[in-house]
Structures are given as structure tokens and as C-alpha cells.
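The chain contents come next:
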Amino acid sequence: YWGRANWIIHMMDIKYQPLIPFVLVLWHFLCDWVYQSHEEAVNKSLNPKIRTWHCVKYTVPFLPLLWVFGLSYVQLYVSAVILFVTHFFIDSYVPVVFWARYLRRAPELIQDIGRKSTLPPDLIKVVNRAAIKKNMRDMFNTPLGAVLLITMDQFFHICCLLPIMIMIQSNQ
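Reading the values: the criteria
Residues numbered from 1 in each chain as written. Predicted model: local features only at pLDDT ≥ 70, side-chain atom pairs only at ≥ 80, totals over all residues. Heavy atoms only, no water. 1 Å grid on protein atoms, 1.4 Å probe; cavity = no way out; pocket = protein on both sides within 12 Å on 5 of 7 lines; lining within 4 Å. Points joined across faces, edges and corners; volume = space filled by probe spheres on them. Helix = DSSP H or I, 4+ residues; strand = E, 2+ residues; numbered from the N terminus. Nonpolar A, V, L, I, M, F, W, Y, C, P; charged D, E, K, R; others polar. Buried < 20%, exposed > 50% of the residue type's maximum accessible area, 1.4 Å probe, protein only. Lys, Arg positive; Asp, Glu negative; His and termini not counted. Salt bridge = Lys/Arg side-chain N within 4 Å of Asp/Glu carboxyl O. Contact = heavy atoms within 4.5 Å.

Here the idea is plain: a probe the size of a water molecule rolls over the atoms and shows the empty space left. Here the structure, examined in full by the defined rule, presents one cavity of 30 Å³ or more. The space that makes up the largest cavity amounts to roughly 40 Å³. Along the walls of the largest cavity sit Tyr58, Leu83, Thr86, His87, Ile90, His157, Cys160 and Leu161, which together make up its complete lining. Broken down by element, the residue count for the lining of the largest cavity peaks at four residues, all from helix α6 (residues 73-90). Its residues assigned to classes, the lining of the largest cavity shows five nonpolar, three polar and no charged.

Inspection of the secondary structure puts Arg51 in helix α4 (residues 48-59). For the buried Arg51, no salt bridge is present, and the opposite-charge side chain at shortest range is Asp91, 6.8 Å distant. Those residues in contact with Arg51 that lie beyond four places of it in its chain are Lys44, Ser45, Leu46, Phe88, Asp91 and Ser92.

And the structure:
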């Protein structure tokens, strides 16, 4: 069968199958970083419009590669949804803040203003949210903090490639 670009997959010997995750991760880095402007990198976590545009520019270049790997049109659609939705959520930095605050217990992020405050509960949430944003910036400005936050961000992104890797492997 020489239809589509499946001949690449048919030419692939079983010994090359382990390269598929490497190719997807490499493609992830290219799509995530090469097409991202400085403005997007700085503002995407706070601006859903900028984050949406970044996620579109991230997802679309994956589709030809996944098509070459032999995914059906339904699998391409499912992959596009997985890539876009997970990338949008991760780039909001909610998972990274959760990790830094509750799992890593970064000192910059575990302080709560509301415990001994006379402020109303709604205002405490706003103050805490603003404090978390400021403290995330402070944490990011330390050498270790920047490495940890970027590493966890990329770890979450790469984990989201797993269902796509499984779809590709199941087609072989």
C-alpha cells in the first residue's frame, strides 16, 4: 500500500519504532519554541487570546507529521484536540503552580494571607491570587526556580504526547 505517506511507516523496520517518541518530543520542542514570539512567551499564561493563538500555531504543524505516521482522520482530529486543549491548560501555568505550591511546597507559594486576616473571604482569594502571581515571578527569577518551572512545564507537555504515541504505535 503506497497511499498517503504510509510508505514511510511500511519502510520502518521494527527496530526504528522506539524513535517515534523521540521524533514527537523533538517536534514538540520545535513547534512550542520556534513559532513562539517573546510576547507570547511572556503573556500567554495571563492572556487567553494570546494563549489560543500560540496553541493553534503549536497544534497545526503536528498534523502533517501525524498524518505521515499513518493516523486516520479520526485519530488526527482526536490528536489535534488533545494537543490543543492540554497545551492551552498547561500554558495557563495552573498545573505548574499546583505542583510548585502543593507538591514541591516552594516557600514562596505556601504562605496564606487568610489565616489571621480580618479581610472578607472574597478579598482574601484575590489577594492570595495576586500574591501567588508575584511569588511565581520571584521564584522564576531565581536560577533554580526558573529551571524547575520550565522543566515541569515541559514534563506536563511531554506526558500529554503519550496518548498520541500509543495511537501511532497501535497502527503499526
